[in-house]
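A structural walkthrough
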Amino acid sequence: MTEPSLDSTPVLETARSLAARELCDHCLGRQFAQVEHGHTNRERGMHLRDALDLQPVQPEGCWLCQGLMDDIELFAELVLERLEPYEYDSFLVGSRIAEDVERREAQLSQQTGHGEPMKREINREVGKLVEEQTGKTVAFEKPDVTAIVDTRFDHVELDVRPLFIRGRYRKLERGIPQTKWYCRKCHGAGCDYCNGRGKMYDSSVEELIAHEVMAATRGSDEAFHGAGREDIDVRMLGTGRPFVLEVKEPRRRHLDLEGIQRDINSHADGRVEVSGLRLASRDEVAAIKEASWSKTYRAAISLDERGKINEAVSALRGTYINQRTPSRVAHRRADRVRKRKILDMALEQHDAGEATLRITAESGTYIKELLTGDSGRTQPSFSELADTAVEVKKLDVIDIGDKDGEKVQGNKK
């Protein structure tokens, strides 16, 4: 079937009917956007007007757009002004138009099946001008920034794609939470309970890492995504725990990640270290959250010298345990029983009522409760099998690996 041309009788008859509404060249030609590719809508409109010997109509007198199509350059200038503070390699333009314009456009669309929406033409033409001025590229998938032109108010909104930075952190000092811990009473506002800080601890792994990243990217906010978390009093050793830092509305994207890594490690004063910083994607956030990370711990415990420590180690090695939500977190987590496997357990040191254990367990295992029994909420437990009360003196994460084979080797620091 032969495609219609601009000079075909059906097209000219439809164009004459539409032109009775006093349409500018843009709006007339746009009704035939799918006819004879390779022309702009304005060029189509001019061709049809010449073929029909019609008088020109300026955009400000157009029944449909009422001057809107005469403001393309203005819209492009507004977009360029809003984009100026941001570093980006790709962009996309979107637009909003008044409801009365959309209603008039819907009336015309019933008369021809060859048109395109006005917003699409605005987006395209503004995008062309921005491309010419900036040398940046229009991207329809995952642009660095999207500019939404509200043609009703000559206003531009920006949707800046977040920046994701992945790495590993080691927490070398106890008493530091992984993420910001807002005050339980004022929830960040500042009160007497938290000495006006708005949070329970002076700093966190998140803040020590994010401070340098935010200074470099000049983002508006951040979110920290870790592959699990350790307790405040637990160190994270080995080569670290995987994390992704999400930077919202970054103004800078071209980063010296090696320099940022050096700054983090220098300014954290030995409390936290990061390694392997690289750019990541949103998909990696989900992967980190969903991964099943087995972990190896080193636990220093005290127990009665008569405790059956070797028997307990042997009994737990390779065994499944049932853990009810620990009493220390029951106020903020669902009270349920979790089945977890103790992949390995070894006695590294034992002397006069003190011992050091190396424990590898499935993701989600509560190690302190595995050792103490938590008043019977973990069964079987090391305390139960050793037939003695157990106190956990120190606990460190020394090795992390996921079920797909990624392995992060630990050390004996």
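Before any of the text, the structure's been laid out above.
On a predicted model such as this, the values are computed, not experimentally measured, just so you know. (Residues numbered from 1 in each chain as written. Predicted model: local features only at pLDDT ≥ 70, side-chain atom pairs only at ≥ 80, totals over all residues. Heavy atoms only, no water.)

This part is about the overall build of the protein. The number of helices and strands found in the protein is 12 helices and 15 strands. Relative to the globule expectation of 22 Å for 413 residues, the C-alpha radius of gyration of the protein, 32 Å, shows a markedly less compact shape. For the protein, the spread of C-alpha atoms along the three principal axes comes to 110 × 45 × 40 Å. Among the 413 residues that make up the protein, the fraction classed as buried is 49%. For the protein, restricting intrachain contacts to residue pairs at least 6 apart in sequence, the fraction spanning at least 24 positions comes to 72%. When the accessible surface of the protein is split by element, carbon and sulfur atoms take 43% of a total near 21,100 Å². On the protein, the mean spot of the 64 positive side-chain charges and the mean spot of the 73 negative ones are 9 Å from each other. (Helix = DSSP H or I, 4+ residues; strand = E, 2+ residues; numbered from the N terminus. Rg over C-alpha atoms; globule rule 2.2 N^0.38 Å. Buried < 20%, exposed > 50% of the residue type's maximum accessible area, 1.4 Å probe, protein only. Contact = heavy atoms within 4.5 Å. Areas by Shrake-Rupley, 256 points an atom, 1.4 Å probe, with all protein chains shown as cover. Lys, Arg positive; Asp, Glu negative; His and termini not counted. Charge placed at Lys NZ, Arg CZ, Asp CG, Glu CD.)

Turning next to the nonpolar core. One finds Tyr169, Ile209, Ile301, Ile359, Leu371 and Phe382 to be the most contacted residues of the largest nonpolar core, which totals 55 residues. Per element, the largest residue contribution to this core is 6 residues, and it comes from helix H7 (residues 205-217). Excluding residues within four positions of it along the chain, Ile301 makes contact with Gly353, Glu354, Ala355, Leu357, Leu371, Phe382, Val390, Glu391, Val392 and Lys393. Formed by 41 residues, the second largest nonpolar core is a distinct cluster that contains Cys27, Val35, Leu52 and Ile72. (Core = buried A, V, L, I, M, F, W, Y, C linked by side-chain atoms within 4.5 Å.)

Note on helix geometry: an α-helix contains 3.6 residues per turn, so any two residues three or four positions apart are oriented the same way. All of the buried residues along helix H1 (residues 9-19) are Val11, Leu12, Ala15, Leu18 and Ala19. Down the axis, H1 shows its buried residues gathered within 125 degrees of arc, on one side only. Turned more than 90 degrees off the buried face of H1, the exposed positions are Thr9, Pro10 and Glu13. The elements touched by buried residues of H1 are helix H2 (25-30), helix H3 (41-52) and helix H5 (99-109). (Arc of directions from axis to C-beta.)

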